[in-house]
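Residue-level structural notes
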Amino acid sequence: MMGIFLEEHGEPFTAFGSSHLIALFIYFAGITIFLLFAKKILYNRSVYNTIRWSLFSLLVLSEVSYQTYTALNGIWSLADHIFLHLCGIAGITGAIALINHNKLLIQITFFIGLVPAFLALVTPELPYDFPHYRYLKFFVHHTAISWTSIFLVVSNNVTITFKTLLKTYGYVLIYAAIIGFFVNPLLGSNYLYLSHTPTANTPLDLLGSGIWYYVNLCILAFVVFFVQYKLYRLFTRKKFEQ
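Residues numbered from 1 in each chain as written. Predicted model: local features only at pLDDT ≥ 70, side-chain atom pairs only at ≥ 80, totals over all residues. Heavy atoms only, no water.

Observations concerning the side chain of His142
Locating His142 in the fold gives a position in helix α7 (residues 133–154). If sequence neighbours within four positions are ignored, His142 has contacts with Cys87, Ala117, Ala120 and Leu121. (Helix = DSSP H or I, 4+ residues; strand = E, 2+ residues; numbered from the N terminus. Contact = heavy atoms within 4.5 Å.)

Given below as C-alpha cells:
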C-alpha cells in the first residue's frame, strides 16, 4: 500500500471505463441510501454517529493524505495544491459542520458541495486509474463531499430557502472575486477554473471565452444552485406527504 501511495506514475485514467463506472455506482448507491432511510438514520443515534464520524474521517484523511502525497513526491506547489477549489472549501465547511452542526455551514455545504462534487466525479481531471492513490483519493474525497452535503441536510433540522440560495450565491461571488483578482494572478494558479477551463473535457468548455466565460460561469452557478433548491423542495414536500 505504501508503494501505491508513493508511486508517482500509473495507468492512465479512462473516462467511463469500468473503474469510473463502479465509482459512480457507489456514489449513487450512497445518495439513495441517505434519501430513502433519512428518518431511520436520524432517529438511530448509533447509525447516525457512525455515518457522521465516518464522513468526517474521510474528508480529513483525504485532504491530509493528499498534501502528504504531493510533498513526499516533490510535486506540491502553492499554485496547484491548496484546497481553494469549491470542493476543497466544501470539504472544510462540511467537516466543521459535522462537528458543530452549524446551520449556516450546513446550508453553504449543501450548495457548494453537492452538485460541484458530482460534476467532478462525472468528468474527473485525473491522471491515473485504479488502484493508484490519486484515483482513490479523488473518488473517495469527492464522494464524501457530496454525501456529506446531503447527510447534513437530511439529518439536521435545517431548512433550505430561496434566501439561503441567494446568500450562498453572494458568498461564492465574493470568494470568486478574491480568487480571480488576487490569488490566481499572485500564484499563477487556476483555482475555481477562473484562469482557464480544466484540462479534462467538462461542461465548462461550452461557456465560451473572454468576458462571456465569466458571465456564463456566473449564470451556470446560479442555475445549479436553483436546481438544487428545487430538488430539495421536491424531496421535502414528498417527505411531508408520506
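Structural notes on a nonpolar patch on the surface
The grouping of Ile211, Trp212, Tyr214, Val215, Ile219, Val223, Val227, Leu231 and Leu234 at the surface amounts to a nonpolar patch, some 840 Å² of accessible area in total. Examined against the element boundaries, Tyr214 turns out to sit in helix α9 (residues 211–241). (Patch = residues over 30% accessible without salt bridge, like charges linked within 9 Å, V, L, I, M, F, W, Y side chains within 5 Å. Areas by Shrake-Rupley, 256 points an atom, 1.4 Å probe, with all protein chains shown as cover. Salt bridge = Lys/Arg side-chain N within 4 Å of Asp/Glu carboxyl O.)

Let's talk about unusual backbone geometry
Residue Pro131 follows Phe130 across a cis peptide bond; omega there is 10°. Its location among the elements puts Pro131 in the loop between α6 (103–122) and α7. Positive phi, normally seen in glycine, also occurs at Phe16, with a value near 60°. Of note in this structure, Tyr193 is not a glycine but carries a positive phi near 55°. Inspection of the secondary structure assignment puts Tyr193 in the loop between α8 (162–187) and α9. Residue classification places Tyr193 among the partly exposed residues on the basis of a relative accessible area of 23%. (Buried < 20%, exposed > 50% of the residue type's maximum accessible area, 1.4 Å probe, protein only.)

Observations regarding helix α5 (residues 86–100)
Given a rise of 1.5 Å per residue, 15 residues ought to cover 21 Å, and the 21 Å separating the end C-alpha atoms of α5 matches this to within 8%. Within α5 the residues assigned to the buried category are Cys87, Gly88, Ala90, Gly91, Thr93, Gly94, Ala95, Ala97 and Leu98. Buried residues belonging to α5 abut α4 (45–72), α6 and α7. Following α5 by one or two positions, His101 has its phi on the positive side, about 55°. (Expected span 1.5 Å × (residues − 1).)

Considering the nonpolar core
Of all hydrophobic cores here, the largest spans 48 residues; its most connected members are Phe34, Phe139, Phe151, Ile160 and Phe225. Going through the elements one at a time, α2 (18–36), α3 (38–43), α4, α5, α6, α7, α8 and α9 are the ones with two or more residues in this core. Here the element with the most residues in this core is α7; it accounts for eleven residues. Those residues in contact with Phe225, other than ones at most four positions away along the chain, are Phe111, Ile112, Leu165, Thr168, Tyr169 and Val172. Among the nonpolar cores identified, the runner-up in size contains eleven residues, and Leu192, Leu207, Tyr213 and Leu217 belong to it. (Core = buried A, V, L, I, M, F, W, Y, C linked by side-chain atoms within 4.5 Å.)

Describing α6
In this model α6 runs 29 Å from its N-terminal to its C-terminal C-alpha over 20 residues, within 8% of the 28 Å that 1.5 Å per residue would give. When you tally the buried positions in α6, you get 14 out of 20 residues, the bulk of the element. The opening residue of α6 is Asn102, an N-cap whose side-chain oxygen sits 3.1 Å from the backbone nitrogen of Leu104. (Polar contact = N/O pair within 3.5 Å; in protein donor to acceptor, adjacent residues only side chain to side chain.)

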